[in-house]
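Fold and contact review
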Amino acid sequence: MSAVFTDALPTHLGWVDWLRRELAPSHDRKVRTLILIGGTVLCVIISMTLQVPQLATSAYMVFFISKENKKVTTLVGVVGLIGLTIGIAASLLLYKFTYGHPELRIPSMAIVLFLGMYASRILVIGPLGFLVGFVIAVTQSIGELQPSPEQLVREILWIWVAVAYAVGLTVVLNRLFLPKPAGPPPRLPKPKSLLVPDAFTNPAHVRFALKVTLATMICYIIYSGVDWFGIHTAFITCTFIALESTGATLRKGILRTVGCIIGGLLALFSIIYLVPHMETIASLVVLVACVSALAAWVATGTERIAYAGLQIAFAFFYGLFQGYAPDTDLHNVRNRVVGILLGLIVTALVFHYVWPERAIDRLRDVLREVFRQLARLLIIPSPETPVKEGKPRAETLIAEISRELEQARREAELASFEIDASRPHGSGSLGSLETILSRAEHVSALAASLSSDSSWQEWQQLPSDAQQAESELRNVVARRVERATNGDSAEDADANLSSALARWTEKIQRLSLEGSRIAVVSQVAAEAQQLGPTGSQVLPK
């Protein structure tokens, strides 16, 4: 495995070191953990004192809403409350037509879920569309459990209360105690439209919504058909782990499974050995605080482990609490884990076989764009372009290449979770793409160093004929790099590079020129010989 991935994924020899790094303490992590502990403890006290149902949901909302800074947390909280309110109101309205009519309610669930998932892809504020569709679909799925319409309305309205007060509490705690970021927050461009540019032209959006709806409804039919509503977490799992690619979905599903197993075991241990000996709310608060601390510490880590922390909290709260008090029924813990495993299996199969959007394909596309940007960067500077024009253009390209490489690293990490990406041989295998990505990072670093201040000064001090020779060499290298994006063959590729390198070397030696820029140009030319149609590294089509 290349160096790119030693920092991204644990190997069979480095699990302990990987976990130690992912769980390393920091000041922000400690503060966020304390906020999450405080929020869950307050939810337990408030719900048990005021007898607010859905205590498990309230406690979990503290984890779900809390983000890395005050602004994001507040935004998520406001959007969440808006989506929740719209979803609850729409679901109650829909029940006027579907209550007592499963032949209408089940298709309406599928339609609403499809629209919510489709909106999550085409709207700039996609989470709002997702939340509205999810709330409506979930509340419609419990219609047959209530004996009367009045009881159903009460149950749904209590869900709004349980979620709303927990969201408000979480936002307040974060705004009071979460420290401000050290540096200025990045300025994001304001969207010109509520829709993404390819909202109605990219078929992947419709396919994604159909896949999620298919997986969710399969799970709903399974647990309804066998009359096992306790595993309804399969319904939730299908909607929450669905992401932009198969690799991302599988990674999130694995994190959800691991987190829920840990949380379920903690709930099981608590129900058997601790809850029977608890006589006051104080002892329960201590238990909740201890488990919340573990879950919060994981949840405040990087995206590689954070979701597992949320699921530790999810499984523990839903396994321990029923209504507004602790539960002693061990079946709940079993049912939650079984439901999650069912949802993961169904989602994995659907996303693997139905219109798969694989991370390894996205990795190839990103690498092609990286090489195209590198080709544009390598031709800067030129004798015909003034420094004041070339330098800003080079800085823009360097920033774009840096973002593309970061995206490529993420896609490569996600691709390792895909079955098809595990092929050990072939130019299209993940191992081959890892090597190409490593080489692209190296070429990018060399190209960026040619645009440093000292390198620009060396360029300006070169004689005009040396500048011309270097520019010709970099242009040939740029064409060679660009050909690496598609593997086009050209018989004169090596000859052109060799002759340009020979002319440049002869010019440098004749003028007795030295410097760091000359050494870097030599390295760039050497790297280019490993790329392109006749080199050892070609990006497959």
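Here the structure is a predicted model, which means the values were calculated and not measured. (Residues numbered from 1 in each chain as written. Predicted model: local features only at pLDDT ≥ 70, side-chain atom pairs only at ≥ 80, totals over all residues. Heavy atoms only, no water.)

1. Digging into the overall build of the chain
How we decide: Helix and strand labels come from DSSP, where a helix needs a run of H or I of at least four residues and a strand needs a run of E of at least two; each type is numbered from the N terminus. Accessible area is worked out with a 1.4 Å probe on protein chains only. A residue is then buried under 20% of its type maximum, exposed over 50%, and partly exposed in between. Note on contacts: a residue pair is in contact if any heavy atoms of the two residues lie within 4.5 Å. Exposure was quantified through the Shrake-Rupley algorithm and a 1.4 Å probe, taking into account, for residues, occlusion by the shown protein chains and nothing else. Only four residue types enter the charge count, namely Lys and Arg as positive and Asp and Glu as negative; His and the chain termini do not. By convention, charge coordinates are those of NZ in Lys, CZ in Arg, CG in Asp, or CD in Glu.
Scanning the chain from terminus to terminus reveals 21 helices and 2 strands. By principal-axis analysis of the C-alpha atoms, the chain measures approximately 90 × 50 × 45 Å. Counting only residues that meet the buried cut, the chain has 50% of its 541 residues in that class. Long-range contacts, defined here as pairs at least 24 residues apart, represent 81% of the contacts in the chain between residues at least 6 apart. Accessible surface computed for the chain: about 25600 Å², of which carbon and sulfur atoms make up 63%. In the chain, 48 side chains carry a positive charge and 45 a negative one; their mean positions are 4 Å apart.

2. A closer look at the packing of aromatic side chains
Basically, it comes down to this: Each Phe, Tyr or Trp ring, with Trp reduced to its six-membered ring, pairs with another whose centre is within 6.5 Å; inter-plane angles below 30 degrees give stacked pairs, above 60 give edge-to-face pairs, and intermediate values give tilted ones.
All told, the structure shown has 17 aromatic pairs when counted by the stated rule. When the centroid spacing of 5.8 Å and the interplanar angle of 15° are considered together, the rings of Phe-130 and Phe-134 count as stacked. Placement of the pair is Phe-130 and Phe-134 together in helix 7 (residues 126-141), with a separation of 4 residues, close to one helical turn. Assigned by exposure class, Phe-130 and Phe-134 land together as buried. Taking the centre distance of 4.9 Å and the plane angle of 85° together, the rings of Phe-134 and Phe-240 count as edge-to-face.

3. Quick notes on the pattern of salt bridges
Working definition: two side chains of opposite charge can pair if their charged atoms are close together. Note the threshold: When a carboxyl oxygen of Asp or Glu lies within 4 Å of a side-chain nitrogen of Lys or Arg, that pair is called a salt bridge.
A full pass over the atoms with the stated rule returns 21 salt bridges. In this structure, Arg-21 engages Glu-22 in a salt bridge whose closest nitrogen and oxygen atoms are separated by 3.7 Å. A residue is classified by how much of its surface remains accessible, and Arg-21, at 38% relative accessible area, is partly exposed. Given the relative accessible area of 4%, Glu-22 is considered buried. Each of the salt bridges in this network shares a partner with another, and the network as a whole consists of Arg-21, Glu-22, Arg-251, Glu-303, Arg-304, Arg-410 and Glu-413.

4. Concerning helix 6 (residues 102-122)
The cut-off we apply is this: To estimate the expected span of a helix, subtract one from its residue number and multiply by 1.5 Å.
Between its terminal C-alpha atoms helix 6 stretches 30 Å, which fits the 30 Å expected from 21 residues at 1.5 Å a residue. When we look at burial in helix 6, the residues that qualify are Arg-105, Ser-108, Met-109, Ala-110, Val-112, Leu-113, Gly-116, Met-117, Tyr-118, Ala-119, Arg-121 and Ile-122. Here the buried face of helix 6 lies against helix 5 (70-98), helix 7, helix 9 (203-225) and helix 10 (233-241).

5. Re the packing of helix 15 (residues 359-378) against helix 19 (residues 464-483)
Helix-helix packing: each pair is described by the crossing angle between the helix axes and the interaxial distance. Let me state the cut-off plainly: Here the axes come from fitting lines to C-alpha atoms, over the contacting stretch only for helices, and the angles between their N-to-C directions go from 0 to 180 degrees. Here is the rule for angles: anything less than 35 degrees is roughly parallel, anything more than 145 is roughly antiparallel, 65 through 115 is roughly perpendicular, and the remaining ranges are oblique. Residue classes follow a fixed rule: Ala, Val, Leu, Ile, Met, Phe, Trp, Tyr, Cys and Pro count as nonpolar, while Asp, Glu, Lys and Arg count as charged, and any other residue, Gly among them, counts as polar.
Close contact between helix 15 and helix 19 brings their axes to 8 Å; oriented N to C, the two are set at 175°. With respect to helix 19, the axis of helix 15 lies roughly antiparallel. Together, Phe-371, Leu-374, Ala-375 and Leu-378 of helix 15 and Arg-474, Val-477, Ala-478, Val-481 and Glu-482 of helix 19 make up the contact between the two elements. Of the residues contributing to the contact of helix 15 with helix 19, the split by class is 7 nonpolar, no polar and 2 charged.

6. A word on the nonpolar core
Inclusion rule: Side-chain atoms within 4.5 Å link the members of a nonpolar core, which is a set of buried Ala, Val, Leu, Ile, Met, Phe, Trp, Tyr and Cys residues.
Residues Tyr-60, Phe-63, Phe-316, Phe-317, Leu-320 and Phe-321 are the most contacted members of the largest nonpolar core, which totals 55 residues. Tallying contributions element by element places helix 8 (residues 149-177) first for this core, with 11 residues. Ala-375, Leu-378, Leu-405 and Leu-430 belong to the second largest nonpolar core, which has 50 residues in total.

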